[in-house]
Amino acid sequence: MENNIPKDENYTGEGRVNAPKNEDKPHKVEIEINKFQNLVKALNDPRMLAKIIMVTCIIVFLLFLGISLIAMMLKKFYPYNVISTNEYGATFIQNEDKDVIYWLFNSADLWANSGVEVKKGDIVTIHTSGAFHTAIHHLADDADSNRIQYNWMEADGGKPSKIPHDDKRAEYRIIPQYSHNTILMQVIPTKYFVGNIGEWWRNENRKDDSESFDDRVDGKSAHIYVIGMGRDNIEIQEDGYLCFAVNDIVLTQRNIKEMMKEVSIDSNECKDTGNLEMGNYPIPQDSIELTDLKSHIKEFEKEDNGLIRLINEAIKDTTKIKDNIAFKQEINKTVTELDYYYIHNYINAWYDDNVGSFLVAIERKK
């Protein structure tokens, strides 16, 4: 089929045949990007680079300052606080600067644990408010007679009555040189609370159960702080828990032995007429109590053949105790309530009849 495309009159076809061959010299393609040309020039210029860094730092600083100012303004109107409580009923209000803790202290507790753990070097400020009565049975007597013989005590303490034997007894309080019934604080080491149920001072860490509580810790004099109505900026000297007590009499074995020296029993009146005027020994109700009393009388060489005979008879037949006036008189001629506390290791007897409480506010700096 014949090609119908018209031909150029000057086309000979030789140019295509005689055209130079360039296969051994490939073409070069150069692409020039101008989008970041100014930045590239600036990075290559030290002065311009220094200006860029300075401007960037200023922008970052201003941004950080602005965020900080906004955060401070928000904090002023919406302060950061975390509120929590512990198993001892203490309420913690925490922020960045300090902890404020509120806890209700029952005056009937001996070295009551607040559950507030502190470390050596902590700075705490403590304030208290409230009142308590040193003996609920005296309070009941005052109510019946409609007259005041025993006063309510505030946190700074004081003498509850003008009765002479109360002053003499008070010589045996925890810290005799501090005011009667003022609030005291002690930091008790953590180990005394481990695995213990009930009163911490009746735990297995004590070497001798007869000395299950003392105002000494690990054989050294305990660091006891006088709080009263309040005390500022206390520097804590040891690790442990903050524990509180009123400055009353703790009936340790050691204390009782000293107090017994003041006892003088009138055999005619069958009661203590000494300086302490201790009450009568509660009449035993079973053979176990009778056996304990018998052992105690022998230990303290208070043995009386007549009393021992009556005790032996009562051990065999406890019905002989009831309404036995002679038996009661013989007991009251020999022992007092101090002997009962000693036998039963009733350390906190003169705390159990306290009534009243104090709100303790503790501020701890971070």
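Note that the coordinates shown come from a computational prediction; the quantities given were computed from them, not determined experimentally. (Residues numbered from 1 in each chain as written. Predicted model: local features only at pLDDT ≥ 70, side-chain atom pairs only at ≥ 80, totals over all residues. Heavy atoms only, no water.)

K.L.:
How do you make sense of the overall build of the protein when you look at a structure like this?
P.N.:
Secondary structure assignment for the protein yields 11 helices and 14 strands. Buried positions account for 36% of the 366 residues belonging to the protein. By sequence separation, contacts in the protein at least 24 residues apart represent 73% of the contacts at least 6 residues apart. When the accessible surface of the protein is totalled, it reaches about 23,600 Å², and 52% of it is carbon and sulfur. (Helix = DSSP H or I, 4+ residues; strand = E, 2+ residues; numbered from the N terminus. Buried < 20%, exposed > 50% of the residue type's maximum accessible area, 1.4 Å probe, protein only. Contact = heavy atoms within 4.5 Å. Areas by Shrake-Rupley, 256 points an atom, 1.4 Å probe, with all protein chains shown as cover.)

K.L.:
What should I look at first to understand the side chain of S107 in this one?
P.N.:
Here S107 shows up in the loop between β3 (98–106) and β4 (112–118). The exposure class assigned to S107 is buried, which follows from its relative accessible area of 0%. A distance of 2.7 Å separates a polar atom in the side chain of S107 from the backbone oxygen of G356. In contact with S107, not counting residues within four places along its chain, are F132, V246, Y351, N354, V355, G356, S357 and F358. (Polar contact = N/O pair within 3.5 Å; in protein donor to acceptor, adjacent residues only side chain to side chain.)

K.L.:
Would you mind showing me how to read the sheet that holds strand β2 (residues 91–94) here?
P.N.:
As a general point, the strands of a sheet are linked pairwise by backbone hydrogen bonds and lie either parallel or antiparallel. The six strands lie next to each other as β1-β2-β3-β14-β5-β10, forming an open sheet whose pairing is antiparallel. Looking at the sheet topology across the chains shown, the edges are occupied by β1 (82–85) and β10 (230–235). Looking at each pair of strands side by side, their axes are set apart by 15° on average, direction ignored. (Pairing = 2+ DSSP bridges. Axes fitted to C-alpha atoms, helices over the stretch in contact; angles between N-to-C directions.)

K.L.:
Explain the packing of aromatic side chains to me, please; I cannot follow it from the model alone.
P.N.:
Think of a pair of aromatic rings as described by two things: how far the centres are apart, and how the planes are tilted against each other in angle. As enumerated under the stated definition, the model contains 10 aromatic pairs in all. Judged by centre distance (6.3 Å) and plane angle (80°), the ring pair of Y341 and W350 falls under edge-to-face. For Y341, a relative accessible area of 9% puts it in the buried group. (Phe/Tyr/Trp six-rings, centres within 6.5 Å; stacked < 30°, edge-to-face > 60°.)

K.L.:
Quick question: what am I supposed to make of the pattern of salt bridges here?
P.N.:
When their charged atoms lie close together, side chains carrying opposite charge are able to pair. Taken as a whole and judged by the stated rule, the model has 10 salt bridges. Where salt bridges share partners, they join K168, E171 and E262 into one cluster. (Salt bridge = Lys/Arg side-chain N within 4 Å of Asp/Glu carboxyl O.)

K.L.:
Quick question: what am I supposed to make of a nonpolar patch on the surface here?
P.N.:
A cluster of nonpolar side chains, contributed by M54, I58, F61, L62, L65, L69 and M72, occupies part of the molecular surface with about 740 Å² of accessible area. Mapped onto the fold, L62 is located in helix α3 (residues 46–77). (Patch = residues over 30% accessible without salt bridge, like charges linked within 9 Å, V, L, I, M, F, W, Y side chains within 5 Å.)

K.L.:
Any chance you could explain the side chain of N354 here in plain terms?
P.N.:
The residue N354 is located in the loop between α11 (349–352) and β14 (355–365) in this model. In terms of polar contacts, N354 uses its side chain to reach the backbone carbonyl oxygen of S107, at 3.2 Å. With residues up to four places along the chain from it excluded, the contact list for N354 reads S107, A108, F132, H133, T134, A135, V246 and D248.

K.L.:
I tried to follow the pairing of strand β6 (residues 183–188) on my own but got confused; where do I start?
P.N.:
Successive residues of a regular strand alternate their side chains across the two faces of the sheet. Taking burial as the measure, the six residues of β6 include six buried ones, the bulk of the element. A two-sided burial pattern is seen for β6, the buried positions comprising I183, M185 and V187 on one face and L184, Q186 and I188 on the other. By the bridge criterion, three bridges tie β6 to strand β9 (residues 224–226) in an arrangement that is antiparallel. Counterpart to M185 in the pairing with β9 is Y225.

K.L.:
What's the story with the nonpolar core in this structure? I'm lost.
P.N.:
A general trend in soluble globular proteins is that nonpolar side chains are found buried together. Grouped together as the largest cluster of nonpolar side chains are 41 residues, with contacts concentrated most on I174 and F244. For this core, the elements supplying multiple residues, two or more each, are β3, β4, β5 (123–133), β6, β9, β11 (240–246) and β14. Per-element tally for this core: the top contributor is β11, with six residues. The next biggest cluster of nonpolar side chains, apart from the first, holds 14 residues, and it includes I297, L307, I311 and I331. (Core = buried A, V, L, I, M, F, W, Y, C linked by side-chain atoms within 4.5 Å.)

K.L.:
Sorry if this is basic, but what is going on with the confidence of the model for the protein here?
P.N.:
Any residue range with low pLDDT should be treated as having predicted coordinates unsuitable for detailed reading. Looking at the protein as a whole, the pLDDT averages 82, with 79% of positions reaching at least 70. Low pLDDT, under 50, characterises residues 204–221; the stretch is placed with 38 contacts to residues that sit more than four places away or in other chains. (pLDDT = per-residue confidence, 0-100.)

K.L.:
Got a minute to help me understand the sheet that holds β9 in this structure?
P.N.:
The four strands are arranged β4-β11-β6-β9 in an open sheet whose pairing can be described as antiparallel. The open sheet has two edge strands, β4 and β9, and neither has a second partner. The sheet shows a mean angle of 30° between the axes of neighbouring strands, direction not considered. Bridge analysis of β4 against β11 gives four bridges, and the strand direction is antiparallel. By the bridge assignment, N113 is partnered in β11 with C243.

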